[in-house]
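Results of the structural survey
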Amino acid sequence: MILKIAVKNILRNKRRTILTSLAMIMGIASLLIFTSFISQQMKGFREGIIRDGLGHIQIASDINFFSKGRFDPSAFIIKNHESIETKLESNHEITNIIPSIGFSAMAAGKNKTITLLIKAYPSDKIHFSKTHDETVNGEISPSFLISGNNFTAETDEIIIGDLAAKILDVKCGEILTVMSILPGGALNASDFTVCGIYKGGDSGKIYAYIPYESRGKLIDSQNPSSYTIFLASENKTDQTIQTLKKSFPELSIKPWHELADFYMQVNGMYSAFLKVISAIMILVTVFVVMNTMSMSVFERMREIGTMRAVGTSRKRIFAMLSLEGFSLGLFGCFTGILFGYLLSFAINALGGIPFSYDGFSYHIQIFPDLYDAIKAALPVLFVSLAGTLPAAYKGSRLSVAETLRY
Amino acid sequence: MNSILINNVSKNYALGKVEVPALKNINLSIKKGEIICLMGPSGSGKSTLLNLIGALDTPSNGEVHINGENISSLTDRALSKFRNKTLGFIFQSFNLIPVLSVFENIEYPLLIQDIFAKERKVRVNDYIEAVGLSQYSTRYPDELSGGQRQRVAIARALVTHPSIIIADEPTANLDHKTGKEVMDLISSMNKKSGATVIFATHDPIVSDYTKNIICLKDGKISEN
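Bear in mind that the values here come from a model prediction, so they are computed numbers and not experimental data.

Generally speaking, nonpolar side chains in soluble globular proteins are found buried as a group. Formed by 88 residues in total, the largest nonpolar core has its most connected members in Leu38, Ile106, Ile128, Ile154, Ala155, Ile166 and Ile198 of chain B. Judged by nonpolar contacts, the second largest core, of 48 residues, contains Ala105, Ile219, Ile253 and Trp256 of chain A.

Right, let's talk about the packing of helix 2 (residues 14–54) of chain A against helix 11 (residues 370–397) of chain A for a bit. Residue and element names in this part refer to chain A. Between helix 2 and helix 11, whose axes approach to 9 Å, the crossing angle comes to 145°. The handedness of the crossing between helix 2 and helix 11 is right-handed. The residues of helix 11 that touch helix 2, namely those facing Met24, Gly27, Ile28, Leu31, Leu32, Thr35, Ser36 and Ser39, are Asp372, Ala373, Ala376, Ala377 and Val380. Residues that form the contact of helix 2 with helix 11 fall into these classes: eight nonpolar, four polar and one charged.

Each assigned domain of chain A is listed here: domain 1 (2–46 + 264–404) and domain 2 (62–250). A separation of 51 Å is found between the C-alpha centroids of domain 1 of chain A and domain 2 of chain A.

The interface is formed by 19 residues belonging to chain A together with 19 residues belonging to chain B. Counting residues per element, the ones that place at least two in the side of chain A that touches chain B are helix 1 (2–12), helix 9 (301–309) and helix 12 (400–404) of chain A. Among the elements that make up the side of chain A that touches chain B, the one with the highest residue count is helix 9 of chain A (six residues). Taken together, the residues of the side of chain A that touches chain B break down into eight nonpolar, five polar and six charged.

A separate point is the pairing of strand 2 (residues 94–108) of chain A. Residues and elements named next belong to chain A. In this structure, strand 2 lies alongside strand 9 (residues 226–231), joined through six bridges in antiparallel fashion. Residue pairing in the sheet places Ile94 in a bridge with Leu231 of strand 9. Note that strand 2 and strand 3 (residues 113–121) share eight bridges and pair antiparallel. Looking at strand 3, one finds that Phe103 is bridged to Ile118. Between strand 2 and strand 3, which pair antiparallel in sequence order, lie four residues. Direction of pairing for strand 2 relative to strand 6 (residues 175–181): antiparallel, over a ladder of three bridges. Of the residues in strand 6, the one forming a bridge with Ala108 is Thr177.

Our next topic: unusual backbone geometry. Excluding glycine, a negative phi dihedral is what most residues carry, and trans is how most peptide bonds are arranged. Even without a glycine there, the phi angle at Asp169 of chain A is positive, about 55°. Among the secondary structure elements, Asp169 of chain A is positioned in the loop between helix 5 (162–168) and strand 6. Even without a glycine there, the phi angle at Asn67 of chain B is positive, about 45°. Relative to the elements of secondary structure, Asn67 of chain B occurs in the loop between strand 4 (61–66) and strand 5 (69–70).

Criteria and cut-off values
Residues numbered from 1 in each chain as written. Chains lettered and ligands numbered in written order. Predicted model: local features only at pLDDT ≥ 70, side-chain atom pairs only at ≥ 80, totals over all residues. Core = buried A, V, L, I, M, F, W, Y, C linked by C-beta atoms within 7 Å. Buried ≥ 20, exposed ≤ 12 C-beta atoms within 10 Å, placed from the backbone. Axes fitted to C-alpha atoms, helices over the stretch in contact; angles between N-to-C directions. Helix = DSSP H or I, 4+ residues; strand = E, 2+ residues; numbered from the N terminus. Left-handed = near helix turned anticlockwise from the far one by under 90°. Contact = placed C-beta atoms within 7 Å. Nonpolar A, V, L, I, M, F, W, Y, C, P; charged D, E, K, R; others polar. Domains from an automatic or database assignment. Pairing = 2+ DSSP bridges.

Spelled out as C-alpha cells, the structure:
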C-alpha cells in the first residue's frame, strides 16, 4: 500500500513530477549520447592505433626495444624466431602473427636527402586502405593511400608518406635510393620503387614501409626485432598476455594500451570530462529532488498527520516518502535512458553527428551501450533517493498534533 | 469501569520564548460506552484535550490512562500501534487520503494491522454498506460530497473496532441536515459497538445526542 500511495502521489502533481523528471531525463539522455559519441570516437581511435602497428600485443626481445628499437635494431634481434612462431601459432586466441623489424635510413630523392624510420612488414600482412572508410581486420593498416598501390612483392618496393614524397619530390613508380648503416659502420644502399604514397600528416615525413622480404637489402639480419600479434577478440588481450608470459619468460610482452601513451592521455581526458558532466548532473538532481520532496512533505502535512493518527509508524512514513523519491528517480532514469536511445536513433536516421579530423569529415553514428546507460543512470537513482532522505526524515518526525492543524 | 482516566494533566505550548498554558490541571474520568461532549469557546483547550486522549500529543504534566494503560509513558512506536488498535478518529475536515479510493481509505488502518486480504475485504464492505456508500466504493474523496466524505471517515474510524472514538468538530464543515445525519450515524454505531465516543464541538446539534457535556474555559473544566 505504501508503494501504491507513493506512486499515486508522484502522479498527483503531474507538472512538478514532469519538471523534476525532465531534469533527470535531459541529464541522463545527454550523458548517454555524449558517452556514446566519445565511445565511438575512442573506438575508432583505438582500432586505428591497433592497426597502425601495435596490434593487440607486441613481443620483443627486451623491454628497451620499445624505446630504442628503431634506432638500433641489431641490438634487439629475436633469436630462435622459428620456435617462437611455432609456439605462437598453437595459441587459439591468436589470429595473426606479424614479424617486423624497424630501422633508420637515409632516403635520397631528386634533389634532397632525408632521414626515414623504416618499418618492414611481410607484404601480405600490411595493407593500406584505398579509402578512408575501408576497414582492415587482423592486418597492419597504418593509413590510406592517396596514390599508388599496396606491395606487390615482385620488386623492391617502398611506401612513403605524403610529406616525405613532397620533400623528396618523388611520385609513384619512381626510384628512391635508401641507405642504411650496418652494425660494423658500413653503408648499405639499395634502390626501391615507390609503389604507394600514404596520407600521413606530420608522421608522413618520417615513416616509410618496405616488405619484410626486402629487409636483407638494407640490414644484416634475417630475424625480426618484434612481433605484432592480433587476437580474435580484443577482450582476451590481458588473458593471452598471461599465457604468453608463461610460455616466453625471456621475452618482453606488452599489451597495446601500455604502448599507446597518446590514446591513454586522450582517454583519461575524456573520462575526466565525463566525470565532471556527471557530477554536475548529480548535483542538479540532488537539488531538484530535495526541493520537490520538501514541497511534497510541506503540502501533505495534514495527510501525513492523518496517517500517523490512524496508526502509521514513523518508519512507514519514512519508507513511503523515500519510496516516492526513489520511484521518481526510477521513472526519471528509465525515461532518460529511453529518451537517450530514441535520440540516438533520430541522430543516426539523420546521418549521425558531423565530425572533422585531419582534414576529413565524418558522420559519427551513436550506438548507446546499455552498460553506459546504467552507469549514467545509477548515480542519478542513488542521489534521487539520497535527496529524498532529509525530507522523508523530517516528514516522519513531525508532531502528529501539529501536522493535523495544517 | 473507567475507559479514560485523566490525572492532573497540564499542557503548555512554547510560543517563542513564552510558555502558553493550554490545559491546567485537568482531572477527568469517562466510563466505557459513554458519549461525552467537550464544549467551549475557541482556545478553551478542547482540541488539546482530545489530542491528549487520542495519543496524538503528550501532556506536559500528569497522566492519561486509557483502558488502564498509562499512555504518557509509551514510545512513539507503541503509541502508533495503540492508536491503530484502540482509537478511531473523525476529523472536522474529514482528513481522507486523497490518492486512495473510498474502499482503500477505509481499508488503510486494517493494512497496518496486517489483517488478511479476505477478512479486510469483508470488514471494509460491511462498513461501506453501514454508512450507505456501497455505490461509491471506487470513488476518490474529491468525487464525494462533504457528508459522504465524513461517512467514509466514520467507517475508517470504526473498521478497526476501536474502544474509543474521538471526533473533533465532526459537523463543523457540514450543513445542518447532513450534520444531523452524520450524528445519527455515529450515535447508532456507538449503540452497536459500545465504544466510548468523545466529541469536541461548538455545534448545538451534537449536544442533543448526549447529556454528558464537559465545558472548558481557559484550559480548565468550568462545568461538568
